[in-house]
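# Chains, contacts and geometry: an overview
One-letter residues, chain by chain:
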Amino acid sequence: MAVIEIDKLVKTFGAFRALDGLDLRVEAGQVHGFLGPNGSGKSTTIRILLGLLRRDSGDVRLFGADPWRDAVRLHRRLAYVPGDVNLWPNLTGGESIDLLGRLRGGLNPRRRDELLELFGLDPTRQFRTYSKGNRQKVAVVAAFASDVELYILDEPTSGFDPLVKAAFEEEVRRIRAAGGTVLLSSHVLAEVEALCDRVSIIRDGHTVVTGSLTELRHLTRTTIGVETARPLTGLDGLPGVHAVREVEGRTRLEVEPDHFDALLAHLAGFGVHALTSAPPTLEELFLRYYGNQVGSRDLEGSGPSDPDGSADAADLR
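Residues numbered from 1 in each chain as written. Predicted model: local features only at pLDDT ≥ 70, side-chain atom pairs only at ≥ 80, totals over all residues. Heavy atoms only, no water.

## Focus: the pattern of salt bridges
Here the structure, examined in full by the defined rule, presents 23 salt bridges. Arg-69 is the salt-bridge partner of Asp-66, the closest N and O atoms lying 3.2 Å from each other. For Asp-66, a relative accessible area of 3% puts it in the buried group. We classify Arg-69 as exposed; its relative accessible area is 62%. Between Arg-221 and Glu-254 there is a salt bridge, and its shortest N-O distance comes to 3.4 Å. Highlighted residues: Arg-221 in the loop between helix 8 (213-217) and strand 11 (222-228) and Glu-254 in strand 13 (residues 250-255), separated in sequence by 33 residues. Here Arg-221 falls in the partly exposed class, since its relative accessible area comes to 33%. Glu-254 gets classed as partly exposed once you look at its relative accessible area, which sits at 22%. Through salt bridges with shared partners, a single ionic network connects Arg-110, Arg-111, Glu-114, Glu-171 and Arg-174. (Salt bridge = Lys/Arg side-chain N within 4 Å of Asp/Glu carboxyl O. Buried < 20%, exposed > 50% of the residue type's maximum accessible area, 1.4 Å probe, protein only. Helix = DSSP H or I, 4+ residues; strand = E, 2+ residues; numbered from the N terminus.)

## Focus on the sheet that holds strand 10 (residues 206-212)
Spatially, the six strands line up as an open sheet ordered 5-7-8-3-9-10, and their pairing is mixed. A strand with exactly one partner marks an edge of an open sheet, and here the two such strands are strand 5 (78-81) and strand 10. In this sheet, adjacent strand axes meet at a mean angle of 15° when their direction is disregarded. One ladder, built from four bridges, connects strand 5 with strand 7 (residues 150-154); its direction is parallel. Bridge pairing links Tyr-80 to Ile-152 in strand 7. Here helix 5 (residues 132-144) sits on the sheet and contacts strand 5 and strand 7; the angle it forms with strand 5, its principal contact strand, is near 170°. (Pairing = 2+ DSSP bridges. Axes fitted to C-alpha atoms, helices over the stretch in contact; angles between N-to-C directions. Contact = heavy atoms within 4.5 Å.)

## Some remarks on the pairing of strand 7
Of all five residues that make up strand 7, five are buried, and the element is covered over most of its length. What you see with strand 7 is no split at all: Leu-150, Ile-152 and Asp-154 on one side and Tyr-151 and Leu-153 on the other are buried throughout. Pairing of strand 7 with strand 8 (residues 181-185) involves five bridges; the strand directions are parallel. Note that in strand 8 the partner of Leu-153 across the bridge is Leu-184.

## Quick look at the confidence of the model for the protein
Mean pLDDT over the protein stands at 89; residues scoring 70 or higher make up 91%. Within the protein, the lowest mean pLDDT, 42, falls on helix 11 (residues 296-300), and the highest, 98, falls on strand 4 (residues 57-62). Segment residues 294-311 is flagged for pLDDT under 50; beyond a separation of four residues in sequence, or across chains, it makes 62 contacts in the model. (pLDDT = per-residue confidence, 0-100.)

What follows is the structure, given as structure tokens:
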């Protein structure tokens with residue numbers, strides 16, 4: 001059953017077309033990665049799902065209902081973590097967590113305490129005194145301690161150190177194992193690669209590809225490193241073989257999936273001593289669709305994914 005169904009979604013801001021026929025489907029019990037650089041439309045899509053923006057055209061269904069008309073009812077079934085959390089400055093972190101929980105219909109006190117310890121968050125400090133990472137922790141704890149079916153996470157680990165990121169990933173896996181559904185928008189490609197069952201890549205407000213990592217890896221080349229008893233020849237003439245070069249005494253090349261068997265048969269004639277095979281990473285898949293338009297800051301940055309990506313207390317309700 002689909003928890004999120006988006007079909008041909010369009011949203012404009014004046015002359016700017018933020019979403020241009022976007023499609024997205026997220027099944028129940030799935031962790032779905034939602035990828036694209038700044039300005040691609042990810043946070044605009046999320047705000048429409050949350051009922052904070054009204055679509056211009058297209059169809060959007062959340063649990064089979066319209067998020068614009070049924071926002072209050074639907075928000076009791078979901079939790080949201082933005083990439084830039086701004087809450088009530090004079091409340092403590094613990095008070096903010098409890099208030100957000102009550103807005104969703106309550107939270108699990110035992111889970112709240114476990115998560116505070118897991119993420120190393122002091123709940124007695126006022127929100128305005130928190131660092132960027134600790135502000136994120138408040139929203140993450142409030143979300144993960146809530147008894148909801150859907151978690152919408154928009155750059156949730158912004159400001160986290162590696163240990164806290166590891167704890168976050170374990171909690172996402174726990175949610176999936178318990179049957180929960182997660183929509184994860186992230187610039188951290190390693191995070192998406194580690195957690196997601198399926199991935200959708202969007203560009204200029206529309207979906208360019210969606211599928212499991214296994215399915216998407218068939219769209220690009222595998223990198224091979226090989227050492228042989230005799231010098232390799234004839235590689236440049238093999239179909240599906242690209243970028244042949246010598247690196248530190250071994251031959252490295254790229255091969256298209258459909259030509260892997262023919263390459264192995266060719267290599268066998270030269271006495272293979274060692275061979276390594278590295279499937280394409282999610283970053284390579286991502287760059288396939290963006291190329292030189294995307295820099296390292298876009299791929300790995302911690303900022304919101306769209307100009308409207310920051311969130312305040314009203315967004316978190």
